Structure formats: structure tokens, C-alpha cells
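Fold and contact review
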Amino acid sequence: MKKHITILLISILMFSLIVGCITDENAADTGSEAIETNHSSEEDTQVTTFFNSTTDEAPKVYMTSDISPEGLMAVYEAMGRELNGNVAVKISSGEPGGDNYLHPSLIGDLVQSVNGTIVECNTAYGGGRAETAMHKQVMIDHGFTAIAPTDIMDEEGEISLSVPAGQHLDEFIVGSHFENYDSWLILSHFKGHAMGGFGGAMKNVAIGIASANGKTGVHSAGNYDDVSQIWDAFGNTPQDDFLESMAEANGAFMNEVGDNVVYINVLNRLSVDCDCVASPAEPTMDDIGIMASLDPVALDQASVDQIYAAPDGQDLIERMESRNATHILDYGAGLGLGSQEYELVNLDA
């Protein structure tokens, strides 16, 4: 059995700030209490790697400061990868009450240009998107149905994806409609995150396309697989094990989709809280821009680097460091999911 997080504060934090649509009025607390980052015992830390880079060339991360429909199109086109067939556009639909999610007025042109379907899964932790009917209403209320078809991928059940690399997960449980799509646009609002420290491309995959049971599996590092156990998962899972499990879930996703995926992070409304919080803290730093890459590790690493480079990023930096957030990038790179070294291409130059 993995070590337990025993600090009572963490239980309180999980109930009030946890990603996945808790609507507690205290969700905007910007405290930076550190979460334990203990690993399992050394005998359990052998990591199987699966993915191997086919090139020594650093992946490119494209960036623009133009946070507009035109800016989104520019970074997408710069990647040079066409999305074919039935295209899933994975966003966060945003918890009712919050307004930091990526708005249809920003993403509509891009979604329509790829003839995409906006996809989501129900949450595991309550809130306004825990059931399909209420989640569909959020899609309407937040304007997404006005720009594209929408799909709650676990409306009709779930399927299991094999996890090819790592030490925690044997399977990654996702919404059953996952298999309906040929290509993927992982379109993420980069921001803080109550558990992960930050939420970017890798979190959007690991938690966002998981069913409620799948979310429980990731949060528990594979120790639980039923949504009724979600609060046990929060309370009993070492922080680094959770971060590592998110990386492993990305490996399962990448193993299924191959090259049929692109990743975009929008660095605006940079709250310390996730869009899944009904009353997120107001951002204390300025917007930065839009970044895109074919490599999710490089993209999230570049996004983190932009926060550290910003003169006003201290609150979000404290949130990330208190959760040991960049461990997901270290571990993901170790699995071969991508590179923490990258070439930054400024499209504004």
C-alpha cells in the first residue's frame, strides 16, 4: 500500500479547491500550502519506458502574444500537421460560475477550420458537470454548441486503454466515445491547478478525457478504480505518484493516437485556480500569449518557463512549487513522452 497523506490540511484543501468542479465558495483561496511529494519505496520505483525519440532535434514550440482567433490560427498552422477524419477538440467546458474557460469567440474559427467536435467527460467530484444532462446544459450556457457539435464522451460508458510505460497504472479508463475520433486537438487553458500545481496540455488529457472511474484511477495512482472511492484517492495518494500517473495516462493516449494530435496552450486569465472551480481566484498576472507544439512535454515546459520569466508570476509560481508541479514534466520526459528541451519560435518576430 502506498504511503498516506496524513496532513489534515490536505483533506480540507481537496474539498475546497480540488479540480473537477467543486463549487465551494472558498475555492478562490490562493494559499500555497505544500503537498507531500513522497514517492513509494525504492523497490517500487523501477520505471518502464516505452517511447523513444526518433530524432535528436529539439521540438519546436510556436508562440504568439496575439490572443485572438487569428493568433490561434497562426500557431496551429505553424505546426504544419493536418488533422484528418473525425476531429476531437478537447477543451475544458468550465464550471458554472467561473468565466476563465476558453470562450467560443476565441476558439470558434479554429474549431470550425478543422471541422471539429468539442469533447469533454463528466467530472468525478460533484459540481455542475457531474452528470451528462447538466454537462450538456453547461455546453449550451457557455456557448460551445453555437460553434460546433459537442460530445460528452462518457455519456454511454467507458473503455480501457493500455498503459505502455510507467510504474503506477495498468490501464487508463476513458469515455467510450474516444474511439469515434481519428485526430485530436488538445486545446488547453494554461493556469494554476489545486492538485497538480498547473493545468496544461498533459492535465487536459490525463484528467480531461478520463471517465469518472478513470479520473479516480489517475488520482489514486492505480489503487482505486471506482468513482465512489474518489475521496479515498485524494487522501491516500502521494503527490508525486499522482503527477506520475497523469504522465502515464498521457502515454496511453499517445500510444493510441500516434501522430494524429496537436497541442495548444492559451496563457490568459492566469489564475492560480483551475477552470473547474466555480469561484476561481482573480489572476494577479498579465496574459502572456498562445503556445503550440507537437510535443506535449515541451509545450507544458515552455508554458511553465513563461510563467517564471514573467515579472508578475509569483502567485502562480508559488502554486506550482507548492505542488511540485514540474515533476510531471521530469517523469514524462523520462518515459519518453517528449522533451523538456525545445526551440522557441516567436511568430511575432
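Definitions and cut-offs
- Counting restarts for each chain, with residues numbered from 1 along the sequence as it is written.
- Owing to the predicted nature of the model, reporting of local features is limited to residues with pLDDT of at least 70; listing and counting of side-chain atom pairs is limited to 80 or more, with chain, interface and lining totals taken over all residues.
- To obtain the side-chain values, all non-hydrogen atoms of the structure were used and water was disregarded.
- Strands here are runs of E lasting at least two residues and helices are runs of H or I lasting at least four, both read from the DSSP assignment and numbered beginning at the N terminus.
- Think of it in three bands: residues with accessible area under 20% of the maximum for their type are buried, residues over 50% are exposed, and the middle band is partly exposed, with areas taken using a 1.4 Å probe on protein chains only.
- When checking whether two residues touch, look at their non-hydrogen atoms; a contact exists if any pair is within 4.5 Å.
- A pair is scored as a salt bridge if a Lys or Arg side-chain nitrogen falls within 4 Å of a carboxyl oxygen belonging to Asp or Glu.
- Lining residues are defined by having an atom within 4 Å of a point belonging to a cavity or pocket. Those points lie on a 1 Å grid over the protein atoms alone, cavities being sets where a 1.4 Å probe fits but cannot get out and pockets being open sets with protein on both sides within 12 Å along at least five of seven lines.
- Grid points are joined across faces, edges and corners, and a volume is the space filled by probe spheres set on the points.
- For this scheme, ten residues count as nonpolar: Ala, Val, Leu, Ile, Met, Phe, Trp, Tyr, Cys and Pro. Four count as charged, namely Asp, Glu, Lys and Arg, and the remainder, Gly too, count as polar.
- Only strands joined by at least two bridges in the DSSP assignment are considered to pair.
- Whenever a helix is involved, its axis is fitted only over the stretch in contact; in every case the axis is a line through C-alpha atoms, and angles between N-to-C directions fall within 0 to 180 degrees.

**Topic: the environment of leucine 347**
If you trace the backbone, leucine 347 turns up in the segment after strand E12 (343-346). We classify leucine 347 as partly exposed; its relative accessible area is 32%. Sequence-wise, leucine 347 and serine 65 are 282 residues apart; in three dimensions their C-alpha atoms are separated by 8.5 Å. Leave out the neighbours within four places in its chain, and leucine 347 touches Tyr62, Met63, Ala74, Val75 and Ala78.

**What to know about the pattern of salt bridges**
Overall, the coordinates contain nine salt bridges when judged by the stated rule. Of the charged contacts, one joins lysine 60 and glutamate 57 as a salt bridge, the two residues approaching to 3.3 Å between their closest N and O atoms. Notably, a salt bridge pairs aspartate 259 with arginine 81, separated by 3.9 Å at the nearest N-O pair. Taken as a pair, aspartate 259 in the loop between helix H8 (239-257) and strand E10 (261-267) and arginine 81 in the loop between helix H2 (69-79) and strand E2 (87-90) lie far apart in primary sequence, 178 residues in all. The exposure class of aspartate 259 is exposed, given its relative accessible area of 56%. Via salt bridges that share partners, Lys90, Glu95, Glu120 and Arg129 belong to a single interconnected network.

**A short note on the environment of glycine 214**
Here glycine 214 shows up in helix H6 (residues 212-219). The exposure class assigned to glycine 214 is buried, which follows from its relative accessible area of 2%.

**Comments concerning the layout of surface pockets**
Roughly 160 Å³ of internal volume is contained in the second largest pocket. Lining the second largest pocket are 13 residues, and of these Glu171, Gly217, Gly222, Tyr224 and Asp225 lie nearest its centre. Elements with a minimum of two residues in the lining of the second largest pocket: strand E6 (171-175) and H6. Of the residues forming the lining of the second largest pocket, the biggest block, four residues, is contributed by H6. Looking at the lining of the second largest pocket residue by residue, the class counts come to five nonpolar, five polar and three charged.

**Observations regarding the sheet that holds strand E3 (residues 116-120)**
Hydrogen bonding along the main chain pairs the strands of a sheet, whether they run parallel or antiparallel. Read across the sheet, eight strands follow the order E4-E3-E2-E7-E10-E11-E1-E12 without closing on themselves; strand pairing throughout is mixed. Only two strands of the sheet have a single partner each, and these edge strands are strand E4 (150-152) and E12. Averaged over all pairs of adjacent strands, the angle between strand axes in this sheet comes to 25°, irrespective of strand direction. Strand direction decides the pairing type here: E2 and strand E7 (residues 183-189), joined by four bridges, are parallel.

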